[in-house]
Amino acid sequence: MRQRVEQYFRELGERIDREVEAFTVEWRQNEALAQIQIGDDFYVFIVFSWSDEGDCYVEFMIGDENAVVQTRHLDKLDAAVSIVKQAYQLARERFACLRRPS
C-alpha cells in the first residue's frame, strides 16, 4: 500500500505544483503526513493511513502548525479548500477503500 500512497502524493504534487510553495511527506509505519505549504505559515495537511486489512482513511487540516486559520491567511483559504477537494477526489479515484460505505 505504501507504494500506492507514494504514487498518489506524487500525482497530487504534479497537479497542484503551481499553487504551492513546498510539499513534503513524512512516513510512519502505516501512515503518511503531507504538509503542503501555500503561504507564509499556512498549510494544507493530509493524513493518509491504512491497515493491513485493506482499510484506509484520509483526513485534512488547514491552517498553521496548529491547524488554526489566522485572519492574515483568509486570502489563501479558497486555494486551500481547492487543494483539499482535489486531493480527496484523486484519493477516491485511486483507492477503493475510500469508496466503501463507512
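Calculation rules
Residues numbered from 1 in each chain as written. Predicted model: local features only at pLDDT ≥ 70, side-chain atom pairs only at ≥ 80, totals over all residues. Heavy atoms only, no water. Phe/Tyr/Trp six-rings, centres within 6.5 Å; stacked < 30°, edge-to-face > 60°. Helix = DSSP H or I, 4+ residues; strand = E, 2+ residues; numbered from the N terminus. Buried < 20%, exposed > 50% of the residue type's maximum accessible area, 1.4 Å probe, protein only. Expected span 1.5 Å × (residues − 1). Arc of directions from axis to C-beta. Contact = heavy atoms within 4.5 Å.

Engineer: How do you make sense of the packing of aromatic side chains when you look at a structure like this?
Structural biologist: Each aromatic ring pair is summarised here by two numbers: the centre-to-centre distance and the angle between the ring planes. Considering all chains together, one arrives at nine aromatic pairs under this definition. Ring geometry for Tyr8 versus Phe95: centroids 5.8 Å apart, planes at 75°, classification edge-to-face. With a gap of 87 residues between them, Tyr8 in helix 1 (residues 2–16) and Phe95 in the segment after helix 2 (77–94) connect regions that are remote in the sequence. Taken individually, Tyr8 and Phe95 each receive the classification buried, so the pair is uniform in this respect. Three or more aromatic residues link up through ring pairs in this structure, and these residues are Tyr8, Phe9, Phe23, Trp27, Phe48, Trp50 and Phe95.

Engineer: Just to check I follow, could you spell out helix 2 for this structure?
Structural biologist: Residues separated by three or four positions in an α-helix point in the same direction, a consequence of the helix having 3.6 residues per turn. Here helix 2 contains 18 residues, and its C-alpha end-to-end distance of 26 Å stays within 8% of the 26 Å for a straight helix at 1.5 Å per residue. All of the buried residues along helix 2 are Ala80, Ile83, Val84, Ala87, Leu90 and Ala91. Around the axis of helix 2, the buried residues are gathered within 140° of arc, so they sit on the same side. Exposed and facing more than 90 degrees away from the buried side of helix 2 are Asp78 and Lys85. Looking at the buried residues of helix 2, the elements they touch are helix 1, strand 2 (31–39), strand 3 (42–50) and strand 4 (56–63).

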